[in-house]
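Structure assessment
Now for the letters of each chain:
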Amino acid sequence: MGQLAASIVHEIRNPLAVLMGEADLIGLTPDLPAGVRTRIENILEYGRRLSALIGEVLQFSHRQEGQSERLSLNGMILDLLGFIGLLKRREARIETILASDLPAVIGDASHIKQVLTNLILNAIDADPDSKGLTIATERISPGKLLDRCRGAGWPYALALGSEDQLRSQTGDSACTTVSDSGVGI
C-alpha cells in the first residue's frame, strides 16, 4: 500500500510543479486584470496545499525503522489537524481539548502520527451526521489510566502493561483520547 501511495504521489507531484510554474510565470505578466491575478493567487495557494498534502502522504508511505525521541503529543496533534483539514476540509468538525501541562512522550513521531491519523480519519468516517469529534490530551498516572480503561469495559486494559508494573510507576503519563458520536464498532 505504501509503495502504491508513493508511486501515485510522485506521478501527481511532477504535473503539479509544472502547473505552479506556469501560474507563477503568468503572474509575472504586467497589467493583468485584478480578477486574473486573484485566480492565479488561488491556483498557487491550492497548489501549495496540495504540495503539503503530497509531502504528508510520502512521509506516511515510507516504512522506516522506528527512532525514539522526546515528542510533544499536543504539537503532533496540531500538525495532524492541518493535514487532516486538507483531506477532509468540509467534513471534519474537530474540537480539541489539549492539556497545557502534558509531559513529553518518548516514541517514533511517524508511527504515533500514523496511529493518530488512522484514529481521527476513522472517527470522521464513523460520524455520518457530522456531529464532530473531540481530541483530548491529559496528564494521568498509569494506575488511573488502567482504572479508567477497566471502568469503561475495555478488554485490553492490560495491554498497557501488568497491573503491578502500572501501579508502581510514580510519574504521570500523557494520554490522548479521540471520541466521536458514531455508533461504535
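Bear in mind that the values here come from a model prediction, so they are computed numbers and not experimental data.

A few points about the overall build of the chain
Scanning the chain for helices and strands turns up six helices and five strands. If you list the helices and strands of the chain from N to C, you get α-α-β-α-β-β-α-β-α-α-β. Out of the 185 residues in the chain, the part that is buried amounts to 29%. At a minimum sequence separation of 6, the contacts of the chain that also span at least 24 residues come to 81%.

Topic: the nonpolar core
One finds L73, M76, I77, I84 and I135 to be the most contacted residues of the largest nonpolar core, which totals 20 residues. Sorting the residues of this core by element identifies α3 (73-87), α4 (109-125) and β4 (133-140) as the ones contributing at least two each. At seven residues, α3 tops the list of elements feeding residues into this core. Residues V9, A23, I40 and L58 belong to the second largest nonpolar core, which totals eight residues.

A few points about the side chain of T137
Along the chain, T137 turns up in strand β4. Owing to a relative accessible area of 6%, T137 belongs among the buried residues under this scheme. One polar contact links the side chain of T137 to the main-chain amide nitrogen of A99, over a distance of 2.9 Å. Dropping the residues within four chain positions of it, T137 is found in contact with L73, N74, I77, I97, L98, A99, L102, C175 and T176.

Points about the pairing of β4
In the sheet, strand β2 (residues 94-97) pairs with β4 via four bridges, with the strands oriented parallel. In the strand pairing of β4, I97 is matched with A136. With eight bridges joining them, β4 and strand β5 (residues 173-180) adopt antiparallel strand pairing. When the bridges of β5 are listed, T137 appears paired with T176.

Here we look at helix α5 (residues 142-151)
Owing to its 3.6 residues per turn, the α-helix aligns residues three or four sequence positions apart on the same side. Along α5, the positions that sit buried rather than exposed are P142, G143, L145, L146 and C149. Projected down its long axis, α5 shows its buried positions confined to an angular sector of 160°, all on one face. Among the exposed residues of α5, those pointing more than 90 degrees away from its buried face are K144 and G151. Elements that come into contact with the buried residues of α5 comprise β4, α6 (163-168) and β5. Of the residues one or two after α5, G153 is the one with positive phi, at around 80°.

Points about the sheet that holds β2
Pairing is mixed across the open sheet formed by three strands, whose spatial order is β2-β4-β5. Because the sheet does not close on itself, it has two edges, and the strands there are β2 and β5. If you compare each strand with its neighbour and ignore which way they point, the axes differ by 15° on average. Each of β2, β4 and β5 is contacted by α4, which is oriented at about 20° to β5, the strand it contacts most. Set on the sheet, α5 makes contact with β4 and β5; between it and β4 the angle comes to about 140°.

Details of the environment of K131
Mapping K131 onto the fold places it in the loop between α4 and β4. Discounting residues that sit within four places of it in the chain, K131 has contacts with R93 and S181.

Things to note about a nonpolar patch on the surface
On the surface, I8, I12 and L50 cluster together into a nonpolar patch covering about 230 Å² of accessible area. Within the element layout of this structure, I8 appears in helix α1 (residues 2-27).

Concerning the pattern of salt bridges
A complete count under the given rule lists five salt bridges for this structure. A salt bridge links K113 to D79; the nearest nitrogen and oxygen atoms lie 3.9 Å apart. Taken as a pair, K113 in helix α4 and D79 in helix α3 lie far apart in primary sequence, 34 residues in all. With a relative accessible area of 47%, D79 lands in the partly exposed category. In this structure, a network of salt bridges that share partners links the residues E45, R48 and R49.

What counts, and where the lines are drawn
Residues numbered from 1 in each chain as written. Predicted model: local features only at pLDDT ≥ 70, side-chain atom pairs only at ≥ 80, totals over all residues. Heavy atoms only, no water. Helix = DSSP H or I, 4+ residues; strand = E, 2+ residues; numbered from the N terminus. Buried < 20%, exposed > 50% of the residue type's maximum accessible area, 1.4 Å probe, protein only. Contact = heavy atoms within 4.5 Å. Core = buried A, V, L, I, M, F, W, Y, C linked by side-chain atoms within 4.5 Å. Polar contact = N/O pair within 3.5 Å; in protein donor to acceptor, adjacent residues only side chain to side chain. Pairing = 2+ DSSP bridges. Arc of directions from axis to C-beta. Axes fitted to C-alpha atoms, helices over the stretch in contact; angles between N-to-C directions. Patch = residues over 30% accessible without salt bridge, like charges linked within 9 Å, V, L, I, M, F, W, Y side chains within 5 Å. Areas by Shrake-Rupley, 256 points an atom, 1.4 Å probe, with all protein chains shown as cover. Salt bridge = Lys/Arg side-chain N within 4 Å of Asp/Glu carboxyl O.

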